Amino acid sequence: MTVEQRVQFRVEGMSCASCVGRVERALKAVPGVTEAAVNLASESALISYDSSVSAADLAGVLSDTGYPALVDEVILDVQEMSCASCVGRVERALEQGEGILSATVNLAAETATVRFATGAISLAEIAALATAAGYPAQVKSADVSDRANRKADEIRSLSRRTLFAAVLTLPVFIIEMGSHVIPGMHHLIVSTIGMQTSHYLQFLLTTFVLFGPGLQFYTKGYPALVKGAPDMNSLVALGTSAAYGFSLVSTFAPVLLPAGTANVYYEAAAVIVVLILLGRLLEARAKGHTGEAIRKLVGLQAKTARVESGGEVVEQPIEDIVAGDIVHVRPGEKIAVDGVVLSGASFVDESMITGEPVPVEKSEGAEVVGATVNGTGALTFRAEKVGSDTMLSQIIRMVEQAQGAKLPIQGMVDKITQWFVPVVIVVALLTVAIWFLFGPDPALSLALVAGVAVLIIACPCAMGLATPTSIMVGTGRAAEIGVLFRKGDALQILQESSVIALDKTGTLTAGRPALTDLILADEMQEEDVLRMVAAVERNSEHPIAEAIVAAAEKRGISLPKIGAFTSITGFGVKATVEEREVLIGADRLMIREGVDLGAFAGHSSVLATKGKTPLFAAINGELAAVIAVADPIKPTTPQAIKALHGLGLKVAMITGDNQVTAEAIAEELGIDHVVAEVLPEGKVATLNSLRVGGGKLAFVGDGINDAPALAAADVGVAIGTGTDVAIEAADVVLMSGDLLGVVNAIDISQRTMRNIRQNLFWAFGYNTLLIPVAAGVLYPFGGPLLSPVLAAGAMALSSVFVLTNALRLKWIRPTAGLPRSEAQNNGLSLKSVPAQ
């Protein structure tokens with residue numbers, strides 16, 4: 001029987017009755033849709049449908065039709081989840097809500113990310129869906145300290161309950177187990193308080209443990225079992241109830257049991273509760289560390305700032321700063337928000353944002369970023385982006401989204417955990433039946449021990465924690481070293497990539513021309529030639545001219561005034577400097593003006609093959625120098641290419657530059673494949689041709705023209721110093737312009753996925769191996785029958801192992817860069833070479 005549901009979408013892009021008709025026809029054509037009413041005035045679509053189709057399917061149809069539904073996203077804090085089964089239950093509860101498109105629950109972060117049709121359901125209603133399923137939820141607070149405080153309260157509560165349970169359990173454990181392992185203990189108990197009194201005492205203490213600190217297992221486990229959706233709490237409740245119930249009968253009505261089977265297992269029930277509470281306490285502590293990266297990022301923010309108000313400079317909280325405010329920054333202070341410098345000069349440490357160790361010079365017109373640290377100068381700047389719009393807030397948002405993502409590999413875990421707990425219950429029942437029917441005496445006692453051990457050891461906590469904990473720690477550590485995973489699945493896909501395609505300009509190179517060679521004729525002085533040439537080129541806005549002027553200014557050369565400036569179209573320029581005629585241009589200009597090139601005649605083609613643009617300079621009709629200008633390769637690019645090859649990757653370069661220049665750069669860097677003279681619209685087709693045997697491909701770029709390629713690649717990696725458009729289209733963002741960030745991203749991706757596989761291997765291998773042992777398959781061969789107490793300890797340790805293994809990712813070190821002195825080098829290499 002199908003149940004009819006209704007959902008109302010707000011629809012974008014409709015402008016006329018034809019649009020309405022098109023949307024209605026598309027929706028009604030979907031199998032399972034019984035009615036679709038589209039309203040142009042309210043820009044909405046009210047759809048009735050049955051369970052054979054989902055709201056997400058309908059949103060996809062609207063998008064494919066060209067009239068997408070407006071979609072919102074909310075993150076919930078969800079409490080009291082304990083295992084992978086809880087995750088599935090919360091997701092299913094949320095997805096049943098009206099207008100819910102998708103729900104992704106993260107056990108490690110204790111959050112749920114929900115996408116829903118705008119206006120179809122309120123945030124309070126979404127949170128109520130999870131709460132009704134038994135998992136209290138509320139909309140995630142923007143204040144990260146709220147979660148930290150809740151986690152601290154949870155740890156304190158668990159600590160009290162664990163300690164209380166342990167104090168009550170210790171006498172039970174000593175009385176019962178001591179009788180088996182300590183010589184004379186059994187006779188001491190018999191001769192003093194007696195065995196029956198001992199059983200009464202154990203009953204009393206165990207009852208306090210089970211219905212005090214352990215009550216949560218029953219209030220959650222049995223309702224879940226009744227609903228047909230058992231979870232970890234159900235397994236614990238069944239196991240401890242079986243041990244406790246059998247002990248009750250043995251204590252108060254032993255005649256109901258076969259002769260010789262009236263044994264008590266109070267210590268098993270009590271110790272199981274203590275060990276599982278201890279395991280949850282250790283989990284809670286470890287989970288608190290997984291979100292440390294976010295707390296560190298939030299901690300970077302300044303708390304207050306000095307702002308102009310009413311003609312005075314007053315200190316106020318950064319939350320009160322609005323765009324347009326004038327902010328004053330003293331030496332050594334943190335910059336409060338993003339803005340533009342109005343006055344002053346200083347060097348600002350931006351390493352916490354970009355990862356670059358060298359402070360950046362700031363003066364009038366320069367952009368500053370909130371949370372960076374001012375140096376020794378004073379600055380005044382205008383606030384441009386405040387609150388959630390600042391770069392740091394955007395970084396935090398990206399990290400949170402990546403940490404809440406569900407990787408493709410998690411799909412396998414979800415499918416297994418859906419049926420895992422019910423299967424374990426069936427296995428436990430079969431174990432009890434086989435031992436009871438075929439086991440040696442006392443068969444009933446042995447059957448109980450084996451059945452309880454199976455229930456306890458198979459709790460799927462480790463399965464649920466294996467993937468999300470690694471994602472949280474890995475992406476958090478990545479953010480700390482300047483790599484932002486905007487989309488969680490990029491973490492998995494990036495390490496599967498076999499080809500890394502790189503844009504040239506701004507990615508491999510600095511993105512702006514620079515003077516690379518100044519080859520002097522005999523008897524010419526380097527500073528004198530550069531001074532005169534730069535004086536002439538100062539009148540030109542051509543990038544090559546700007547590079548020459550910048551080189552002179554960097555060397556502190558004072559430029560003289562010029563006269564009689566003439567631009568010779570297609571050839572170069574001519575001007576008078578200090579009563580000397582200076583001629584600058586290509587070799588054809590020199591030939592036209594009768595300047596003898598002599599031994600320099602072949603330099604033009606040699607420099608061109610190296611990807612450089614050659615210019616000749618003549619003074620008073622005599623050749624003075626050959627000048628080469630190029631977009632210099634970034635200092636760390638060669639090291640990055642070598643590191644990518646070391647990771648077993650093929651490296652390709654895609655550029656719009658001419659073939660000769662592209663091949664020259666590729667040869668210098670050792671790039672495997674070059675595709676040159678590609679127009680922006682051709683980059684996507686080029687990417688498709690580079691995919692080898694269906695393998696994954698990553699593309700790295702920084703410009704507006706790279707956005708389509710970044711979106712089309714399996715993983716798009718944007719250089720953070722590039723354009724906003726490129727960053728929005730990318731899956732991974734490098735906060736610095738250093739290509740070594742790509743190596744860091746791949747390294748973290750590989751390490752995180754390796755860590756996830758280790759966790760999954762442990763979680764699944766642990767259950768695969770120990771469930772049969774708990775069931776007693778080794779007993780007929782002289783092996784042990786696993787005690788429920790040991791089973792509880794092993795189960796708790798499995799979760800702690802997974803969390804501890806994931807936390808190792810906190811210590812990933814970034815790829816080593818160049819020494820700071822080298823990193824500061826801008827690639828300029830001036831040299832004097834006499835004519836031969």
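What you see as residue numbers is a count from 1 along each chain, following the sequence as written. It should be noted that, the model being predicted, local features are given only for residues of pLDDT at least 70 and side-chain atom pairs only at 80 or more, the latter also being counted only at that level, while totals for whole chains, interfaces and linings use all residues. To get the side-chain values, take all heavy atoms of the structure and skip hydrogens and water.

K.L.:
So what's going on with the overall build of the protein chain? Residues and values would help.
P.N.:
Here a helix means four or more residues in a row that DSSP labels H or I, a strand means two or more in a row labelled E, and each is numbered from the N terminus. Helix and strand content of the protein chain: 30 helices and 29 strands. When the 836 residues of the protein chain are sorted by exposure, 52% land in the buried category. For the protein chain, the proportion of contacts with a sequence separation of at least 24, taken over those separated by at least 6, is 69%. When the accessible area of the protein chain is evaluated, it comes to approximately 36300 Å², of which 57% is carbon and sulfur surface. Buried, partly exposed and exposed residues are distinguished by accessible area as a fraction of the type maximum, computed with a 1.4 Å probe on protein chains only: under 20%, between the cut-offs, and over 50%, respectively. Here, residues are in contact when the closest pair of their heavy atoms is within 4.5 Å. Accessible surface is estimated by sampling points in the Shrake-Rupley manner with a 1.4 Å probe; for residues, cover comes only from the protein chains shown.

K.L.:
Help me get a handle on the pattern of salt bridges, residues and values and all.
P.N.:
Any carboxyl oxygen of Asp or Glu that lies within 4 Å of a side-chain nitrogen of Lys or Arg is treated as forming a salt bridge with it. Throughout the structure, instances matching the rule amount to 14 salt bridges. One salt bridge in this structure joins Asp528 and Arg580, with 3.7 Å as the shortest N-O distance. Linking Asp528 in helix H19 (residues 526–537) with Arg580 in strand S22 (residues 580–585), this pair joins segments that are 52 residues apart in sequence. What makes Arg580 partly exposed here is its relative accessible area of 25%. For Arg751, the salt bridge is made with Asp747, and the minimal N-O distance between the two is 3.0 Å. Of this pair, Arg751 and Asp747 both sit in helix H28 (residues 740–775), four residues apart, which is roughly one turn of the helix. The exposure class assigned to Asp747 is buried, which follows from its relative accessible area of 16%. Several salt bridges converge on common partners, so that one network encompasses Asp528, Arg531, Glu578 and Arg580.

K.L.:
Tell me about the packing of aromatic side chains, and please be specific about residues and values.
P.N.:
By convention, a stacked pair of Phe, Tyr or Trp rings (six-membered ring in the case of Trp) has centres within 6.5 Å and planes under 30 degrees apart, an edge-to-face pair has planes over 60 apart, and any other such pair is tilted. In the structure shown here, the tally under the stated rule is ten aromatic pairs. Relative to Tyr222, the ring of Tyr218 lies with its centre 6.2 Å away and its plane at 20°, an arrangement referred to as stacked. Linking Tyr218 with Tyr222, this pair stays in helix H8 (residues 215–226), spanning four residues, or about one helical turn. Residue classification places Tyr218 among the buried residues on the basis of a relative accessible area of 10%. Given the relative accessible area of 30%, Tyr222 is considered partly exposed. Seen in terms of ring centroids, Trp762 and Phe801 are 4.5 Å apart; in terms of plane orientation they differ by 35°. Their pairing is tilted. Within this pair, whereas Trp762 is found in helix H28, its partner Phe801 is found in helix H29 (residues 788–807), the two being separated by 39 residues in sequence.

K.L.:
Explain the UniProt feature "transmembrane region" (unreviewed entry) in the protein chain residue by residue, including any values.
P.N.:
UniProt positions are given in the numbering used here, feature names are shortened, and annotations may be inferred rather than shown by experiment. Under the UniProt annotation, "transmembrane region" (unreviewed entry) lies at residues 163–182, 202–223, 235–257, 263–282, 419–438, 444–467, 760–779 and 785–803. In the segment residues 202–223, helix accounts for 82% and strand for 0%; the C-alpha atoms at its two ends are 28 Å apart. Secondary structure content for residues 419–438 is 100% helix and 0% strand, while the C-alpha to C-alpha distance between its ends is 28 Å.

K.L.:
If you had to explain the nonpolar core to someone new, which residues and values would you point to?
P.N.:
Formed by 139 residues in total, the largest nonpolar core has its most connected members in Leu76, Leu94, Ile126, Phe485 and Val732. Top element by residues in this core is H28. It accounts for 15 residues. Side-chain atoms within 4.5 Å link the members of a nonpolar core, which is a set of buried Ala, Val, Leu, Ile, Met, Phe, Trp, Tyr and Cys residues. Counting residues in hydrophobic clusters, the runner-up holds 30 residues, among them Ala551, Ala552, Ile619 and Val629.

K.L.:
Could you give me a rundown of the confidence of the model for the protein chain, with the residues and numbers involved?
P.N.:
Note: pLDDT gives the predictor's confidence per residue, expressed from 0 to 100. When pLDDT is averaged along the protein chain, the result is 81; 88% of the residues meet or exceed 70. The lowest-confidence element of the protein chain is helix H30 (residues 820–823), averaging 34 in pLDDT; the highest-confidence one is strand S10 (residues 326–329), averaging 93. Taken as a whole, residues 817–836 scores under 50 in pLDDT and shows 42 contacts with residues more than four places along the chain or in a different chain.

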